[in-house]
Amino acid sequence: MCNTHIANPFSIVYSFHGISLFSNHLKARLKIKPMGCLIFKIYILSRFLCIGLQLQKLILIILRCILLNIYIFELFFLLLHNNVNQYYRLVSKVEWNKMIIRYKKSLILNFQNNIVEQTLEVKQLYIGNGKYCYANSASMLLKSVGEYIPPEKIEVLTGMGLGAVFEGDYLFLDSTLPDIGINKALNTLGFTCEECVEKSPHRAPFYRLKDILKESAVIVGPVDLGYFTHWTNHEYLHGADHYVLVYAIDNQNVYFHDPAGYPYVSLSLDQFQKAWRAENIQYRRGYFRFWHSAKRQYQPSEEYIYQKAIEGFQIQYENTEKKTHPNGSEAILQFSETFKNEAISNEIIAHVTHFLFQLGAKRASDFAYFFRENHPELFDFKIAQAKLLGWCHVLATHERWKKLIEPLQQLAAVEHDFRNKLLKITTH
């Protein structure tokens, strides 16, 4: 998979990549000599003349525009050449338009393998909502001190979304914990942040929270969504974890931003304490965990952030593989066995239709974006995972359970290859 830069002299080659077969077809049919070679020679000449980089960029943009218009002209000329004599007097305007649409669709299908690679970054990297509650909360905390880091970047740097584990009857497409991931991401980005946790479940530290909120917003979590009454379906969510950013408190209520789409909401102190105690959150360590007072200690370069992240990812895989429960590709394969019998439990149905595949596809897409410049092969693996997980979500929502087995097996194979490639990377 190729990601080209405008200043790269070979980048114009990829302008031809998606239409090379079409160009040959035109050459044979219309005897029109393609101008690709001439345009490429002009660009190479501009490189050897040692003109400025900005002018080179301008020349490349102009040449690409010329090339695009040439092929648009040739496309419509071909349509007319092949079809006007046969169809023009025989079909109505509506039918003519339908014929053109059918021809364009067949053209796209014939050349999609060439075109998709060139337009991958536009068409396949998702931007939109995701269940990134702790990453969104961390991003809001940093923004409150004048630093903006996109939640997608924080999510990647947490390491959540790498690997897979199979626990009980459930597959989780991650291999670390959110609270560990928050600390790791903030550290990689050059921040320190105070983390606090209580040993006793009896009383939430509202008195401390009130003092801290005079100086800093506070990330709170995990909390149990079953007590978040501003969610209309909260009664079905007991045991589901979540993270929020608290910005104020008084003698009756806690006021917070819920990154699931509920800004400026509140809960009574008693209700918030029940949620924050998180007794039904399996991975909870201690009680009433929170973070506050983020401070930048240094400004790392993007290269440093990338290298440190890779090192952390490798350690995360190695640590996960020391555990006894199934992990990695083995975990995914074991989970696929669930769907050989179509008697799927309601809990598994809820897990795969509302959480697993949807979140997994989003994470894989964001990891692909992170890897795209430095390790294109890892980019390819993550894009493949995102596509497979998106397809799994479609199958699950239509309850085509046995059809899930094959894409899950493919997902396991991609995970195996991704893991092997990642662990071979040397850092410095």
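Look above for the structure.
Here the structure is a predicted model, which is why all the values come from computation and not from measurement. (Residues numbered from 1 in each chain as written. Predicted model: local features only at pLDDT ≥ 70, side-chain atom pairs only at ≥ 80, totals over all residues. Heavy atoms only, no water.)

Caption draft 1: Expanded view of the overall build of the protein. Summing up its helical and strand segments, the protein has 16 helices and 8 strands in all. Taken over 428 residues, the protein has a buried fraction of 45%. Just so you have it, the protein exposes about 22,900 Å², and 55% of that area is on carbon and sulfur atoms. (Helix = DSSP H or I, 4+ residues; strand = E, 2+ residues; numbered from the N terminus. Buried < 20%, exposed > 50% of the residue type's maximum accessible area, 1.4 Å probe, protein only. Areas by Shrake-Rupley, 256 points an atom, 1.4 Å probe, with all protein chains shown as cover.)

Caption draft 2: Just the state of the cysteines, in detail. A complete count under the given rule lists 0 disulfides for this structure. Among the cysteines around Cys-193, which has no disulfide bond, Cys-196 carries the closest sulfur, lying 8.9 Å off. (Disulfide = S-S within 2.5 Å.)

Caption draft 3: Region of the structure containing the nonpolar core. The biggest cluster of nonpolar side chains holds 72 residues, and the ones touching the most others in it are Phe-313, Phe-339 and Phe-371. In terms of residues, this core owes the most to one element, helix H14 (residues 346-371), which gives 11 residues. Phe-313 has contacts with Val-156, Gly-159, Leu-162, Phe-367, Phe-370, Phe-371 and Leu-422, leaving out every residue within four places of it along the chain. Counting 27 residues, the second largest nonpolar core, distinct from the first, contains Phe-206, Leu-209, Phe-256 and Tyr-287. (Core = buried A, V, L, I, M, F, W, Y, C linked by side-chain atoms within 4.5 Å. Contact = heavy atoms within 4.5 Å.)

Caption draft 4: Expanded view of the packing of H14 against helix H15 (residues 376-397). Two elements in contact, H14 and H15, have axes separated by 8 Å at closest approach and are oriented at 160°. In terms of axis orientation, H14 runs roughly antiparallel to H15. In the crossing of H14 with H15, the sense of the turn from one axis to the other is left-handed. Of the residues contributing to the contact of H14 with H15, the split by class is 15 nonpolar, 8 polar and 1 charged. (Axes fitted to C-alpha atoms, helices over the stretch in contact; angles between N-to-C directions. Parallel < 35°, antiparallel > 145°, perpendicular 65-115°, else oblique. Left-handed = near helix turned anticlockwise from the far one by under 90°. Nonpolar A, V, L, I, M, F, W, Y, C, P; charged D, E, K, R; others polar.)

Caption draft 5: Quick look at the pattern of salt bridges. Under the definition given, this model contains 16 salt bridges. Glu-147 is the partner of Arg-296 in a salt bridge, and the nearest nitrogen-oxygen pair spans 2.9 Å. Here Arg-296, found in strand S8 (residues 287-296), pairs with Glu-147, found in the loop between helix H7 (133-143) and helix H8 (151-158); they are 149 residues apart in sequence, far enough to count as distant. Relative accessible area serves as the criterion here: at 21%, Glu-147 is assigned to the partly exposed category. (Salt bridge = Lys/Arg side-chain N within 4 Å of Asp/Glu carboxyl O.)

Caption draft 6: Representation of the sheet that holds strand S5 (residues 241-249) within the structure. Taken together, the 6 strands give an open sheet; going across it, the order is S3-S8-S4-S5-S6-S7, and neighbouring strands pair in antiparallel fashion. Looking at strand neighbours, the two that pair on one side only are strand S3 (191-198) and strand S7 (262-268), the edges of this open sheet. Strand-to-strand twist in this sheet, taken as the mean axis angle between neighbours without regard to direction, amounts to 35°. Both S3 and S8 contribute to a ladder of 6 bridges, which runs antiparallel. (Pairing = 2+ DSSP bridges.)

Caption draft 7: Structural view of the side chain of Asp-258. On the secondary structure map, Asp-258 appears in strand S6 (residues 253-258). No salt bridge is formed by the buried Asp-258, whose closest oppositely charged neighbour, Lys-131, lies at an N-O distance of 10 Å. Within the local environment of Asp-258, its side chain forms a polar contact with the side chain of His-230, the two groups lying 2.8 Å apart. (Lys, Arg positive; Asp, Glu negative; His and termini not counted. Polar contact = N/O pair within 3.5 Å; in protein donor to acceptor, adjacent residues only side chain to side chain.)

Caption draft 8: Inspection of H14 at higher detail. When the terminal C-alpha atoms of H14 are compared, their 36 Å separation across 26 residues agrees well with the 38 Å that a helix rising 1.5 Å per residue should span. Where H14 bends most, the angle comes to about 50°, and this point is Val-352. In terms of burial, H14 is a largely internal element, 19 of the 26 residues being buried. (Expected span 1.5 Å × (residues − 1). Bend = angle between axes of the 7 residues up to and from the residue.)

Caption draft 9: Structural view of the layout of surface pockets. In this structure, the largest pocket spans a volume of roughly 1,800 Å³. In this structure, the largest pocket is lined by 50 residues; those nearest its centre are Phe-172, Ala-240, Asp-241, His-351 and Phe-355. For the lining of the largest pocket, the elements supplying multiple residues, two or more each, are H7, H8, strand S1 (165-167), strand S2 (170-172), helix H9 (178-188), S5 and H14. The element that contributes the greatest number of residues to the lining of the largest pocket is H14, accounting for 9 residues. Partitioning the lining of the largest pocket into residue classes produces 23 nonpolar, 18 polar and 9 charged. (1 Å grid on protein atoms, 1.4 Å probe; cavity = no way out; pocket = protein on both sides within 12 Å on 5 of 7 lines; lining within 4 Å. Points joined across faces, edges and corners; volume = space filled by probe spheres on them.)

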